[in-house]
Amino acid sequence: YTPTVEPQATWCPGCGDFGVLKSLKQALPEVGRTPEETLLVTGIGCSGKLNSYLDSYGFHTLHGRALPVARAAALANPELEVIAAGGDGDGYGIGGNHFVHTARENHDMTYIVFNNEIFGLTKGQTSPTSPKGHKSKTQPHGSAKTPIRPLSMALTSGASFVARTAAVNPNQARDILVQAMEHDGFAHVDFLTQCPTWNKDARQYVPYTDINDSEDYEFDPTNRADAQELMRETEDKLYEGEVLTGIYYREDDRPSYQEEKKQLGELPEEPLAERYFDEDYDWERSYDRFIDQHK
Ligand code: SF4
């Protein structure tokens, strides 16, 4: 299976989004997923075009709403490889509430956040990851806001896999995406993507360190306290010009939301989605059942 890109991607030359697409195209065959088994749900922004360029099922949702749509799909068909994607403004700002609760509930999916520290599609406005002092049309005198800490936020909320990678290194990105997709539970990948059109100052161009492959950063990614400390250090260093990428945290024995639902008897073994195609199944819509119960 080789996913194709059709039609030609229309991102600006040099955009980091090409790196996400490339690494995703390389990662999917490695996890052995076909287009029929893959759903890519996106939010709004330059990143939202991702599912137009990948040969798989796709759903382009409202701004900030990729995660609730992806959650519903993963619940209806747990056999699907569900990937949600969006930008830092879409995912950490507008959809921030969904991010916290999808991580907390450990829904089985991969969430890729294109982090270019601005809103790109709408011409470079300040976003939740823009550094303090960053000047834009919406903050002409410089942002007075402290940027969000996406890695710490994911860990604190309950994500069972947290990583950061960068478009300038598609090989590391591919390996991290493979591990994120193979992980059972909510896998958050903060993907640093340069925007040469609206954010020429972003740190994504600078050399980076792979924390999983560096003698300077010996730590155990299965140890929550270690991960928390390193994330804090990393998130400060990013704005000082040092980029630390890699897998920060993984908790492989925690059941996903789908597995917990099955254990409670609330989710059948057979995917709910298949019932739509079963002519013998006596479908009872939950809305009808609700009305009957409350007459
Ligand atoms: Fe990429 Fe920025 Fe162009 Fe959007 S505006 S396609 S993020 S370079």
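Residues numbered from 1 in each chain as written. Predicted model: local features only at pLDDT ≥ 70, side-chain atom pairs only at ≥ 80, totals over all residues. Heavy atoms only, no water.

As for the overall build of the protein chain
Now for step 1: Across its full length, the protein chain carries nine helices and 10 strands.
Now for step 2: For a compact globule of 295 residues, the expected C-alpha radius of gyration is about 19 Å, and the protein chain comes in at 19 Å, within 12% of that figure.
Now for step 3: With respect to the three principal axes, the spread of C-alpha positions in the protein chain is 60 × 45 × 40 Å.
Now for step 4: Counting every position in the protein chain, which comprises 295 residues, the buried fraction comes to 51%.
Now for step 5: For the protein chain, the accessible area works out to roughly 14100 Å², and carbon and sulfur atoms hold 49% of it.
Now for step 6: Charge-centre separation for the protein chain: the mean point of 28 positive side chains lies 10 Å from the mean point of 47 negative side chains. (Helix = DSSP H or I, 4+ residues; strand = E, 2+ residues; numbered from the N terminus. Rg over C-alpha atoms; globule rule 2.2 N^0.38 Å. Buried < 20%, exposed > 50% of the residue type's maximum accessible area, 1.4 Å probe, protein only. Areas by Shrake-Rupley, 256 points an atom, 1.4 Å probe, with all protein chains shown as cover. Lys, Arg positive; Asp, Glu negative; His and termini not counted. Charge placed at Lys NZ, Arg CZ, Asp CG, Glu CD.)

Quick word on the site of the ligand
Now for step 1: As a matter of local geometry, the ligand sits amid W11, C12, C15, C46, N116, G120, C195, P196, T197 and W198.
Now for step 2: Residue composition of the shell around the ligand, grouped by class: seven nonpolar, three polar and no charged. (Near = heavy atom within 4 Å. Nonpolar A, V, L, I, M, F, W, Y, C, P; charged D, E, K, R; others polar.)

A word on the pairing of strand β7 (residues 161-166)
Now for step 1: Of all the six residues making up β7, six are buried; the element is thus mostly covered by neighbouring parts of the structure.
Now for step 2: Judged by which residues are buried, β7 turns out to be covered on both faces: F161, A163 and T165 on one side and V162, R164 and A166 on the other are all buried.
Now for step 3: Strand direction decides the pairing type here: β7 and strand β8 (residues 186-192), joined by six bridges, are parallel. Counterpart to A166 in the pairing with β8 is L192.
Now for step 4: The parallel pair β7 and β8, bridged by helix α6 (residues 170-182), forms a crossover whose chirality is right-handed.
Now for step 5: Pairing of β7 with strand β10 (residues 243-250) involves four bridges; the strand directions are antiparallel. Note that in β10 the partner of A163 across the bridge is I247. (Pairing = 2+ DSSP bridges. Right-handed = clockwise from strand over helix to strand, strands pointing away.)

Digging into the packing of helix α4 (residues 96-105) against helix α5 (residues 150-157)
Now for step 1: It is the contact of α4 with α5, at a shortest axis distance of 7 Å, that shows an interaxial angle of 45 degrees. Relative to α5, the element α4 is oriented oblique. Packed against α4, whose contacting residues are G96, F99, V100, A103 and R104, the element α5 presents P150, M153, A154 and S157 at the interface. (Axes fitted to C-alpha atoms, helices over the stretch in contact; angles between N-to-C directions. Parallel < 35°, antiparallel > 145°, perpendicular 65-115°, else oblique. Contact = heavy atoms within 4.5 Å.)

Things to note about the environment of R33
Now for step 1: With respect to the helices and strands, the residue R33 is situated in the loop between α1 (17-30) and β1 (38-42).
Now for step 2: Measuring from C-alpha to C-alpha, the distance between R33 and E81 comes to 7.3 Å, with 48 residues separating the pair along the chain.

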